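# Tertiary structure, described
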Amino acid sequence: MEAMARKWGNSIGIRIPASMANSIKINDGTSINVELDGDKIIVTRKKYDLKELLAQIPDEYEPKEIDWGEPVGGEKW
């Protein structure tokens, strides 16, 4: 498929056709990685690392126990 690169602020933007974006589950606001491999630009969805995500939790965060009420089915506590 042929596309045209366009100026977007100080950068260059490329539109990704909806069928391609859908096939790799990229939506508006999806975090992506962009890499240069020789003369190729590689776009992939950002993969999250559990350690990276946990490091974003503020040190002062204190989890609180939540009371979900009395059991309503076959739960065993």
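Keep in mind that this is a model prediction, so the values were computed, not measured.

Here the focus is the overall build of the protein chain. Assigned secondary structure in the protein chain consists of 2 helices and 4 strands. The linear arrangement of helices and strands in the protein chain, starting from the amino end, is β-β-α-β-β-α. Against the compact-globule benchmark of 11 Å for 77 residues, the protein chain has a radius of gyration of 21 Å, which places it well outside the compact range. With respect to the three principal axes, the spread of C-alpha positions in the protein chain is 60 × 35 × 25 Å. Expressed as a percentage of its 77 residues, the buried residues of the protein chain come to 4%. Restricting the contact set of the protein chain to residue pairs at least 6 apart, pairs at least 24 apart contribute 0%. In the form shown here, the protein chain has an accessible surface area of approximately 8,100 Å², with 54% of it arising from carbon and sulfur atoms.

All right, on to the UniProt feature "domain: SpoVT-AbrB" (unreviewed entry) in the protein chain then. The sites that UniProt annotates as "domain: SpoVT-AbrB" (unreviewed entry) are residues 6–51. When the span residues 6–51 is considered, its composition is 17% helix and 39% strand, and the gap between its end C-alpha atoms is 37 Å.

Before going further, it helps to examine the confidence of the model for the protein chain. Per-chain confidence: the protein chain averages 89 in pLDDT, with 99% of residues scoring 70 or above. Of all the helices and strands in the protein chain, helix α2 (residues 50–55) carries the lowest mean pLDDT, 90, while strand β1 (residues 6–8) carries the highest, 95.

Strand direction decides the pairing type here: strand β3 (residues 32–37) and strand β4 (residues 40–45), joined by 6 bridges, are antiparallel. Within β4, the position partnered with Val34 by the bridge is Val43. Counted along the chain from β3 to the antiparallel partner β4, the turn is 2 residues long, and its residue Gly38 has a positive phi close to 65°.

In this section: a nonpolar patch on the surface. On the surface, Met1, Ile12, Ile14, Ile16, Met20, Ile32, Val34, Leu36, Ile41 and Val43 cluster together into a nonpolar patch covering about 1,000 Å² of accessible area. Mapped by element, the contributors of at least two residues to the nonpolar patch are β3 and β4. With 3 residues, the top contributor of residues to the nonpolar patch is β3. If you trace the backbone, Ile16 turns up in the loop between β2 (11–13) and α1 (18–23).

This part is about unusual backbone geometry. Of note in the backbone geometry, Lys25 takes a positive phi value of approximately 60° without being a glycine. Tracing the chain through its elements places Lys25 in the loop between α1 and β3.

This paragraph deals with the environment of Thr30. Mapped onto the elements of the fold, Thr30 is located in the loop between α1 and β3. Residues Thr30 and Arg45, spaced 15 residues apart in sequence, show a C-alpha to C-alpha distance of 7.4 Å. Beyond its immediate stretch of four places on either side in the chain, Thr30 contacts Lys25 and Arg45. Engagement of the side chain of Thr30 in a polar contact is seen with the backbone nitrogen of Asn27, the distance being 2.8 Å.

About the cut-offs
- Here the residue numbering is sequential within each chain, running from 1 through the sequence in written order.
- With pLDDT at 70 or above as the cut-off, local features in this predicted model cover only qualifying residues; side-chain atom pairs require 80 or more to be listed or tallied, and sums for whole chains, interfaces and linings still use all residues.
- Processing note: side-chain calculations cover all non-hydrogen atoms of the structure and skip hydrogens and water entirely.
- To qualify as a helix, a DSSP run of H or I must reach at least 4 residues; to qualify as a strand, a run of E must reach at least 2; elements of each kind are numbered from the N terminus.
- Two things to know: the radius of gyration comes from C-alpha atoms, and the globule rule equals 2.2 Å times the number of residues to the power 0.38.
- Throughout, exposure labels follow a simple rule: accessible area from a 1.4 Å probe, protein chains only, divided by the maximum for the residue type, with under 20% read as buried, over 50% as exposed, and the rest as partly exposed.
- The contact rule is simple, with two residues in contact once any of their heavy atoms fall within 4.5 Å.
- Method for areas: the Shrake-Rupley scheme with a 1.4 Å probe, in which residue coverage is limited to the protein chains shown.
- UniProt positions are given in the numbering used here, feature names are shortened, and annotations may be inferred rather than shown by experiment.
- pLDDT is a per-residue confidence score from the predictor, ranging from 0 to 100.
- Pairing between strands is defined by DSSP: at least two bridges between them are needed.
- The patch calculation keeps residues exceeding 30% relative accessible area without a salt bridge and links them within 9 Å when they carry like charges or within 5 Å when they are nonpolar (Val, Leu, Ile, Met, Phe, Trp, Tyr).
- Here a salt bridge means any side-chain nitrogen of Lys or Arg lying within 4 Å of a carboxyl oxygen belonging to Asp or Glu.
- Each polar contact in these results corresponds to two N or O atoms within 3.5 Å; when the atoms are within protein, one needs to be able to donate a hydrogen and the other to accept it, and residues that are neighboring in sequence are counted only if both atoms are side-chain atoms.

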